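# Structural features, examined
One-letter residues, chain by chain:
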Amino acid sequence: MKSLPKAIKETLDWVHARNHSEPVFIQAVDEVLRSLAPVISAYPDILEENLLQRICEPERQLIFHVVWQDDQGRTQVNRGFRVKFNSALGPYKGGLRFHPTVNLGVIKFLGFEQIFKNSLTGLSIGGGKGGSDFDPKGKSEREVMRFCQSFMTELYRHIGPSEDVPAGDIGVGGREIGYLFGQYKRLTNRYDLGVITGKDTAWGGSLVRKEATGFGAVYFLEEMLKTRGEGIEGKTAVVSGSGNVALYAIRKLMDLGANVVACSDSDGTVHQPGGLDFDQLRQIKEIERGRIRSYAERCPKAKFIPRKKGSIWTIPCELALPCATQNELTGVDAMALINNGCIAVSEGANMPSTPEAINIFHKKNILFGPGKAANAGGVAVSALEMQQNAALASWTFAEVDKRLRDTMAGIHGTCVHYSRKFSKRGNYVDGANIGGFLRVAQAMLSHGII
Ligand code: NDP
Ligand code: 2IT
């Protein structure tokens, strides 16, 4: 930390001391504050108005119990969270994650990232995140419904179209959004479509929202490749995960002519050198809610590699898209990718690469698109869903897809602009952190000391 400006170092010490049991939150803050080192001398207001501490402390944090009944009639208890991190640019906006690893630190890291991501979209949305340690795996449809109803029975009083607008994340997709909205409607007696996004297109959802994060990560990748005179066509790609983001990153990569040879889940990886079969994959994951292992059972040309037997990142590829979860791609994985000829990484997930991995990508001059820029397409189309809901309108697939593509190109441009202007290192991480921060900072300064 020696070469860091004193104010940044002091803020980091302060954040570390008061959040010491939340390593992933500290990791996210560390990265952003380090990127801001060259910026603070250009804008004295940042320190005068104490913006660094103010942006690192959530405006409001809710923790509540979620009591629900399982199919055996037993009463179960989970923990629910909503962290309202920053509302300088608009109502709090960010997804809900249902996964057994969820705790306050995880939600704070995700909420913190969301502030800068949402700012980069250029739209009027603040940053927030929520979720629960509920594990949807192995639960029946009715158990998921009862859990969502109980979760919303507390959350409904804290959200609203101009207050806080949740959406999906890991473990929360269209099905859960439907149950959550249904209970909100019952409790409030209001058909507030704009209170939640990721809705089914039959009742207020936006076309392209389901595809948006994965498509967006590929559009961002395309923009990065263009800067080196490269394209996606003919390249070999590996995508980790096999959920919503992974699936539609794979779809778009294939549409643009890449050969996608592998994807994964927490049990392991499927490798198919001739290219994955998207329809089979979608059938198993989206329709049957099955596992990647059964894909390999149905597709004889695919091989299943159990998680213990090796990482997905040892499979040779030119393009890598981590689309599963935080810290899934380590320094060792980064070296393996580079040694096998990888030239570009676009993060569909939130903070999937460890700081060591990012360092290696930068040192080796790999094109590296950080999640808060590369996966912003999901929340951007969520904001377009809110716009359509407010206008009682619905736009065509082509119209929303074009706006998504333009938004991703715009975010890429912002990253390049700010990395060139401020960062000696000239990378997308600094560009995204600086560009995202400055827009929020300007709004916070305008609103005064609140
Ligand atoms: P899904 O629940 O649809 O899929 C998650 C995928 O990641 C699954 O394949 C899952 O495997 C794997 N995974 C999750 N947790 C772990 C873990 N601890 N270890 C190993 N594998 C894991 O979620 P999404 O596709 O929506 O989200 C994926 C990532 O993208 C997350 O980081 C999320 O925050 C981020 N993101 C999502 C957006 C969205 O619009 N949905 C927007 C922007 C970012 P398994 O089934 O075995 O658990
Ligand atoms: O991490 C994210 O950006 C999301 N999970 C989507 C948030 C949203 O409000 O659509």
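Residues numbered from 1 in each chain as written. Chains lettered and ligands numbered in written order. Predicted model: local features only at pLDDT ≥ 70, side-chain atom pairs only at ≥ 80, totals over all residues. Heavy atoms only, no water.

Right, let's get into the overall build of the protein chain. Looking only at helices and strands, one finds 17 helices and twelve strands in the protein chain. On C-alpha atoms alone, the protein chain measures out to a radius of gyration of 21 Å, which is about the 22 Å that the 2.2 N^0.38 rule sets for 450 residues. If one aligns the C-alpha atoms of the protein chain with their principal axes, the spans along those axes are about 60 × 55 × 45 Å. Scored against the burial criterion, the 450 residues of the protein chain give a buried share of 58%. If you take every contact in the protein chain between residues at least 6 apart in sequence, the share linking residues at least 24 apart comes to 71%. (Helix = DSSP H or I, 4+ residues; strand = E, 2+ residues; numbered from the N terminus. Rg over C-alpha atoms; globule rule 2.2 N^0.38 Å. Buried < 20%, exposed > 50% of the residue type's maximum accessible area, 1.4 Å probe, protein only. Contact = heavy atoms within 4.5 Å.)

In the vicinity of ligand 1 there are 26 residues, among which Asp-169, Thr-213, Ser-266, Arg-291 and Asn-350 approach most closely. A distance of 2.7 Å separates an oxygen atom of ligand 1 from a polar atom in the side chain of Asp-169. Side-chain polar atom of Ser-266 to an oxygen atom of ligand 1: 2.3 Å apart, as the coordinates give it. Protein burial of ligand 1: of its 890 Å² of free accessible surface, 86% is covered by the chains. (Near = heavy atom within 4 Å. Polar contact = N/O pair within 3.5 Å; in protein donor to acceptor, adjacent residues only side chain to side chain. Areas by Shrake-Rupley, 256 points an atom, 1.4 Å probe, with all protein chains shown as cover.)

Time to look at the packing of helix 8 (residues 209-226) against helix 9 (residues 244-255). Look at helix 8 against helix 9: their axes get within 7 Å of each other, and the N-to-C directions meet at 50 degrees. Judged by the angle between their axes, helix 8 and helix 9 are oblique. In terms of crossing hand, the pair formed by helix 8 and helix 9 is right-handed. In this structure, helix 8 uses Lys-210, Glu-211, Thr-213, Gly-214, Phe-215, Val-218, Tyr-219 and Leu-221 to contact helix 9, whose residues at the interface are Asn-244, Val-245, Tyr-248, Ala-249, Arg-251, Lys-252 and Leu-253. (Axes fitted to C-alpha atoms, helices over the stretch in contact; angles between N-to-C directions. Parallel < 35°, antiparallel > 145°, perpendicular 65-115°, else oblique. Left-handed = near helix turned anticlockwise from the far one by under 90°.)

With that out of the way, let us pick up the sheet that holds strand 5 (residues 164-167). The strand order 1-2-4-3-5 describes an open sheet built from five strands, whose pairing is mixed. Whereas interior strands pair on both sides, the edge strands pair on one side only; in this sheet they are strand 1 (60-69) and strand 5. Here the average twist between neighbouring strands, direction ignored, is 20 degrees. Sheet analysis places strand 1 next to strand 2 (residues 75-86), joined by ten bridges and oriented antiparallel. Residue Leu-62 lies in a different strand from strand 2, and its bridge partner there is Arg-82. Running over the sheet, helix 5 (residues 104-120) touches strand 1, strand 2, strand 3 (92-98) and strand 4 (126-132) and is turned about 150 degrees from strand 4. Across the sheet, helix 6 (residues 141-155) is in contact with strand 1, strand 2, strand 3, strand 4 and strand 5; its angle to strand 1 comes to roughly 140 degrees. (Pairing = 2+ DSSP bridges.)

All right, on to the site of ligand 2 then. Contacts to ligand 2 come from 14 residues, most closely from Lys-93, Lys-117, Lys-129, Asp-169 and Ser-382. Gln-114 has a polar side-chain atom sitting 3.0 Å from an oxygen atom of ligand 2. Here a nitrogen atom of ligand 2 and a backbone polar atom of Gly-168 are 3.0 Å apart. Bound to the protein, ligand 2 loses 93% of the 290 Å² it would expose on its own. Secondary-structure elements contributing two or more residues to the shell around ligand 2 are strand 3, helix 5 and helix 15 (377-390). Across the shell around ligand 2, the residue classes break down as two nonpolar, seven polar and five charged. (Nonpolar A, V, L, I, M, F, W, Y, C, P; charged D, E, K, R; others polar.)

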